[in-house]
Amino acid sequence: FRLIIEDETVMSQPFEIVKDPRIETTQDDFEAQFELHQTIISKLDTTHKTINRIREVRSKLEDIKSEYASNEQVQERTESMMGTLSEVESALMQTKAESYQDVLNYPIKLNNKLAALASTVSTGDNHPTEQQYAVYEDLADKVDAQFQKVEPILSGELSDMVQEFEQEAVPIEN
């Protein structure tokens, strides 16, 4: 502990954080709780980053659709990709909720379920239950399945398509 006033350390005192002596939770229990919580939060972070990436790619696809409005092949391919992106985004998060009250009207999605699980795991001073581990595994599998659906689009299908159409647009002279 340090007391700093105007960039000067006025007082310093070492201290140790210890668990409440009235509880029987072991250090291993605390570590298991922390590890599961961090794992859930990491998966939730990846989920949100993927949602953001989906939105970026959708915006690029909208631009491509506009730029190649008369090209049926481009329209079909972009529509197909946009359909996949929307399907995955809707599975990962509730896209219909616009206000705070809307969460009562629409079912919660995977990101909210992960967040709720993280909350239950971090509540209390105990080892995570087998059910919490099982729920995490189930949710992680469902999230990963959604990631796999959009992976081709996010990792190259869009850029391959753009490159293909740019090459077609350049006239080749003999």
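Cut-offs used in this document
- Residues numbered from 1 in each chain as written.
- Predicted model: local features only at pLDDT ≥ 70, side-chain atom pairs only at ≥ 80, totals over all residues.
- Heavy atoms only, no water.
- Helix = DSSP H or I, 4+ residues; strand = E, 2+ residues; numbered from the N terminus.
- Buried < 20%, exposed > 50% of the residue type's maximum accessible area, 1.4 Å probe, protein only.
- Contact = heavy atoms within 4.5 Å.
- Areas by Shrake-Rupley, 256 points an atom, 1.4 Å probe, with all protein chains shown as cover.
- Core = buried A, V, L, I, M, F, W, Y, C linked by side-chain atoms within 4.5 Å.
- Axes fitted to C-alpha atoms, helices over the stretch in contact; angles between N-to-C directions.
- Parallel < 35°, antiparallel > 145°, perpendicular 65-115°, else oblique.
- Left-handed = near helix turned anticlockwise from the far one by under 90°.
- Pairing = 2+ DSSP bridges.
- Salt bridge = Lys/Arg side-chain N within 4 Å of Asp/Glu carboxyl O.

1. Digging into the overall build of the protein chain
When its secondary structure is counted, the protein chain shows four helices and two strands. Mapped in sequence order, the helices and strands of the protein chain form the string β-β-α-α-α-α. By the burial criterion, 30% of the 174 residues in the protein chain qualify as buried. Within the protein chain, residue pairs in contact and separated by at least 24 positions form 69% of the contacts whose partners lie at least 6 positions apart. A total accessible area of about 12,100 Å² is found for the protein chain, and carbon and sulfur atoms account for 49% of it.

2. Focus on the nonpolar core
Within soluble globular proteins, side chains that are nonpolar tend to cluster in buried spots. Ile40, Leu85, Leu92, Leu114 and Tyr136 are the most contacted members of the largest nonpolar core, which has 26 residues in total. The set of elements that each furnish at least two residues to this core consists of helix H1 (27-67), helix H2 (72-92), helix H3 (110-122) and helix H4 (130-169). Looking at this core element by element, the count peaks at eight residues for H4.

3. Considering the packing of H1 against H2
Where H1 contacts H2, the two axes come as close as 10 Å, and the packing angle between them is 160°. When the axes of H1 and H2 are compared, the pair comes out roughly antiparallel. Of the two elements, H1 crosses H2, and the hand of that crossing is left-handed. Of H2, the residues touching H1 (which contributes Thr47, Thr50, Ile51, Ile54, Arg55, Val57, Arg58, Leu61, Glu62, Ile64 and Lys65) are Val74, Gln75, Thr78, Glu79, Met81, Met82, Leu85, Ser86, Val88, Glu89 and Leu92.

4. Structural notes on the environment of Glu76
If you trace the backbone, Glu76 turns up in helix H2. Separated by 11 residues in the primary sequence, Glu76 and Lys65 place their C-alpha atoms 9.3 Å from one another.

5. Here we look at the pairing of strand S1 (residues 2-5)
Of the strand pairs in this sheet, S1 and strand S2 (residues 8-12) are connected by four bridges, and their pairing is antiparallel. Residue Ile5 lies in a different strand from S2, and its bridge partner there is Glu8. The hairpin formed by S1 and S2 contains two residues between the paired strands, and Glu6 there has a positive phi angle of roughly 50°.

6. Remarks on the environment of Val121
The residue Val121 is located in helix H3 in this model. Here Val121 falls in the buried class, since its relative accessible area comes to 2%. Contact partners of Val121, with chain neighbours within four places excluded, come to Gln33, Leu36, His37, Ile40 and Gln132.

7. Quick word on unusual backbone geometry
In this structure, Glu6 is a non-glycine residue whose phi angle is positive, near 50°. Along the chain, Glu6 falls in the loop between S1 and S2. Its identity as a non-glycine residue notwithstanding, Asp7 has a phi of 65°, on the positive side. Structurally, the position occupied by Asp7 is in the loop between S1 and S2.

8. A few points about the pattern of salt bridges
Under the criterion given, the structure shown has nine salt bridges. Measuring nitrogen to oxygen at the nearest pair gives 2.0 Å for the salt bridge that ties Glu79 to Lys65. Residue Glu79 is found in helix H2, and its partner Lys65 is found in helix H1; the two are separated by 14 residues along the sequence. Connected through shared salt-bridge partners, Arg55, Arg58 and Glu89 make up one network.

9. Here we look at the side chain of Lys43
Here Lys43 lies in helix H1. Look past the residues within four positions of Lys43 in its chain and what remains in contact with it is Leu114, Tyr136, Ala140, Val143 and Asp144.

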